[in-house]
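Chain and residue survey
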Amino acid sequence: MSHHAKLDGHVALVTGAGSGIGREIACAMAREGAKVGICDIDMDGAAETVETIKQEGAGDAAAFEMNVIDEAQVNEATDKMAETFGRLDSLVSNAGIQIVHPIEDFPLDQFRKVVDIHLTGSFLTTKAAVRHMYEQGSGSLIYMGSVHSHEASPLKSAYVAAKHGILGLARVMAKEGAKHGVRSNVICPGFVKTPLVEKQIPEQAKDLGISEEEVVNRIMLGNTVDQEFTTVKDVADVAIFLAGFDSNALTGQSILVSHGWVMK
Ligand SMILES: NC(=O)c1ccc[n+]([C@@H]2O[C@H](COP(=O)([O-])OP(=O)(O)OC[C@H]3O[C@@H](n4cnc5c(N)ncnc54)[C@H](O)[C@@H]3O)[C@@H](O)[C@H]2O)c1
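About the cut-offs
- Residues numbered from 1 in each chain as written.
- Predicted model: local features only at pLDDT ≥ 70, side-chain atom pairs only at ≥ 80, totals over all residues.
- Axes fitted to C-alpha atoms, helices over the stretch in contact; angles between N-to-C directions.
- Helix = DSSP H or I, 4+ residues; strand = E, 2+ residues; numbered from the N terminus.
- Parallel < 35°, antiparallel > 145°, perpendicular 65-115°, else oblique.
- Contact = placed C-beta atoms within 7 Å.
- Nonpolar A, V, L, I, M, F, W, Y, C, P; charged D, E, K, R; others polar.
- Pairing = 2+ DSSP bridges.
- Near = placed C-beta within 6 Å.
- Domains from an automatic or database assignment.

**With respect to the packing of helix 7 (residues 200–208) against helix 8 (residues 212–220)**
Running from N to C, helix 7 and helix 8 point in directions that differ by 100°, and their axes come no closer than 8 Å. Judged by the inter-axis angle, helix 7 sits roughly perpendicular to helix 8. Where helix 7 approaches helix 8, its residues Ile 201, Pro 202, Gln 204 and Ala 205 are matched on the opposing element by Glu 212, Val 215, Val 216 and Ile 219. Split by residue class, the contact of helix 7 with helix 8 holds 6 nonpolar, 1 polar and 1 charged.

Given below as structure tokens:
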């Protein structure tokens, strides 16, 4: 383990850590010395993340099956994880999906599914995590918002509503958590090339009647300062900063990491 490690002895639970942004956050935290609970419904993806962390040889990791909308499973996996690693210092509530439709064609069950996984999932994982954090008198709640926590895009009614909702939940948790030493913040990335986004490019091209190139250059990157995708590393760097921040001064905030797409 590097003596520069920023998260020595830190224990983090990351949801959706079997792919994309969650995987990179988990690996990056482990590289900083953290012990990480890799939580996902995709146990193959979770096992791959654990394997990568073990191979890299810093920190530690174990996989836990967790569907973030199943309260019993969330509680069980969280308790098991805290028991395995002895404490719980940060929750990275990251699991998510995307479904796009114009509102007049948006099936109710699909709308509910998106809102449930992002928002109800954040609620349930928070509820399970704070029981451990309040007992310790410390903790960092880190929610995966999006530029879409602050901005809207057509076809994304469910996602934008859920990501705005996460800001509200995080701000309430900043107030409720304060007296227990628990901080609460939201990371708001711009477009990051993960399976979730790769899938949207052809879908949006079809729904909006434009080329895939236009979806990338105009819809996804058109408002950035430099037409660049945000990377999983960019997002992981912010997560490490929030997990390791030393006082309760930084709470109730959302941090935009989007190549200047949104500035606030
Ligand atoms: N990729 C982007 O451009 C981008 C931008 C802003 C925010 N985000 C957010 O980042 C988060 C991660 O997205 P990603 O791009 O890495 O996607 P991804 O599809 O690569 O990974 C998402 C992971 O979440 C898991 N998951 C899905 N439903 C789950 C459930 N019910 N319970 C537990 N795990 C579940 C999946 O199995 C997968 O491993 C999401 O919240 C997403 O909204 C992504």
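Read on for the rest.
**Notes on the sheet that holds strand 4 (residues 90–93)**
Note on sheets: strands pair through backbone hydrogen bonds, and any given pair is parallel or antiparallel. Spatially, the 7 strands line up as an open sheet ordered 3-2-1-4-5-6-7, and their pairing is parallel. Strands at the two margins of the open sheet, each flanked by one partner only, are strand 3 (60–65) and strand 7 (253–257). For this sheet, the mean angle separating the axes of adjacent strands, direction not counted, is 20°. Of the strand pairs in this sheet, strand 2 (residues 35–40) and strand 3 are connected by 6 bridges, and their pairing is parallel.

**Things to note about the site of the ligand**
Gly 16, Ser 19, Gly 20, Gly 96 and Thr 194 are the nearest of the 29 residues found near the ligand. Counted by class, the shell around the ligand contains 15 nonpolar, 12 polar and 2 charged residues. Residue assignment places the shell around the ligand across two domains, with domain 1 (11–191 + 230–257) and domain 2 (193–229) each supplying three or more.

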